[in-house]
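# Descriptive structure summary
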Amino acid sequence: ERIIVGDNEPHLTILLDAPAKAGMKRAHKRRAEAGNSDPADRFEQEDDEFHENLRQAFLRVAREHPDRIVVIDATKSKNEIAEQIWDTVTRRLLT
């Protein structure tokens, strides 16, 4: 990665955070609503522990880079999440 992007980093990264079980429940619901009867992909087939470990790794990176990574609670409503994202982008990038 460093060979390709060098020292370039995004000015802002938004991490939508939700417990692993909640995220997987949403993924399964989304697939069902789309009428997708295909088996879950390799990533979705991983167990809850895998997804929770991945979540914790992303949160650790966010704690290490609070100047550029903003964590937003993805268990809130779509409207609340959208409002928080817009507020963050406005405050961080447009002022």
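Structure first, text after, so check above.
On a predicted model such as this, the values are computed, not experimentally measured, just so you know.

## Quick notes on the layout of surface pockets
Approximately 450 Å³ is the volume attributed to the largest pocket. Lining the largest pocket are 18 residues, and of these Leu16, Ala18, Gly23, Met24 and Phe43 lie nearest its centre. No other element matches the six residues that helix H2 (residues 20-33) contributes to the lining of the largest pocket. Taken together, the residues of the lining of the largest pocket sort by class into 11 nonpolar, two polar and five charged.

## Looking at the pattern of salt bridges
As enumerated under the stated definition, the model contains four salt bridges in all. A salt bridge links Asp17 to Arg55; the nearest nitrogen and oxygen atoms lie 2.6 Å apart. With Asp17 in strand S1 (residues 13-17) and Arg55 in helix H3 (residues 48-64), this pair connects stretches of sequence that are 38 residues apart. A relative accessible area of 14% means that Asp17 is categorised as buried. When the shortest N-O distance is used, the salt bridge between Glu52 and Arg55 registers 2.9 Å. Taken together, the residues Glu52 and Arg55, both in helix H3 and three residues apart, mark about one turn of the helix.

## Some remarks on H2
Here H2 spans 20 Å end to end across 14 residues, near enough to the 20 Å set by a 1.5 Å rise per residue. Residues of H2 that are buried include every one of Ala20, Met24, Ala27 and Arg31, and no others. Viewed along the axis of H2, the buried residues span an arc of 55 degrees, placing them on a single side of the element. In this structure, H2 carries Lys21, Lys25, Lys29, Arg30, Ala32 and Glu33 as exposed residues pointing more than 90 degrees from its buried face. Looking at the buried positions of H2, the neighbouring elements they touch are H3. Directly after H2, the chain includes Gly35, whose backbone phi takes a positive value near 75 degrees.

## Regarding a negative patch on the surface
A cluster of acidic residues, Asp73, Glu80, Glu83 and Asp87, forms a negative patch on the protein surface. For Glu80, a relative accessible area of 42% translates into the label partly exposed.

## Focus: the side chain of His51
Residue placement: His51 occurs in helix H3. For His51, a relative accessible area of 8% gives the class buried. Among residues more than four places away in sequence, those in contact with His51 are Ala20, Met24, Phe43, Glu44 and Glu46.

Analysis parameters
Residues numbered from 1 in each chain as written. Predicted model: local features only at pLDDT ≥ 70, side-chain atom pairs only at ≥ 80, totals over all residues. Heavy atoms only, no water. 1 Å grid on protein atoms, 1.4 Å probe; cavity = no way out; pocket = protein on both sides within 12 Å on 5 of 7 lines; lining within 4 Å. Points joined across faces, edges and corners; volume = space filled by probe spheres on them. Helix = DSSP H or I, 4+ residues; strand = E, 2+ residues; numbered from the N terminus. Nonpolar A, V, L, I, M, F, W, Y, C, P; charged D, E, K, R; others polar. Salt bridge = Lys/Arg side-chain N within 4 Å of Asp/Glu carboxyl O. Buried < 20%, exposed > 50% of the residue type's maximum accessible area, 1.4 Å probe, protein only. Expected span 1.5 Å × (residues − 1). Arc of directions from axis to C-beta. Contact = heavy atoms within 4.5 Å. Patch = residues over 30% accessible without salt bridge, like charges linked within 9 Å, V, L, I, M, F, W, Y side chains within 5 Å. Areas by Shrake-Rupley, 256 points an atom, 1.4 Å probe, with all protein chains shown as cover. Lys, Arg positive; Asp, Glu negative; His and termini not counted. Charge placed at Lys NZ, Arg CZ, Asp CG, Glu CD.

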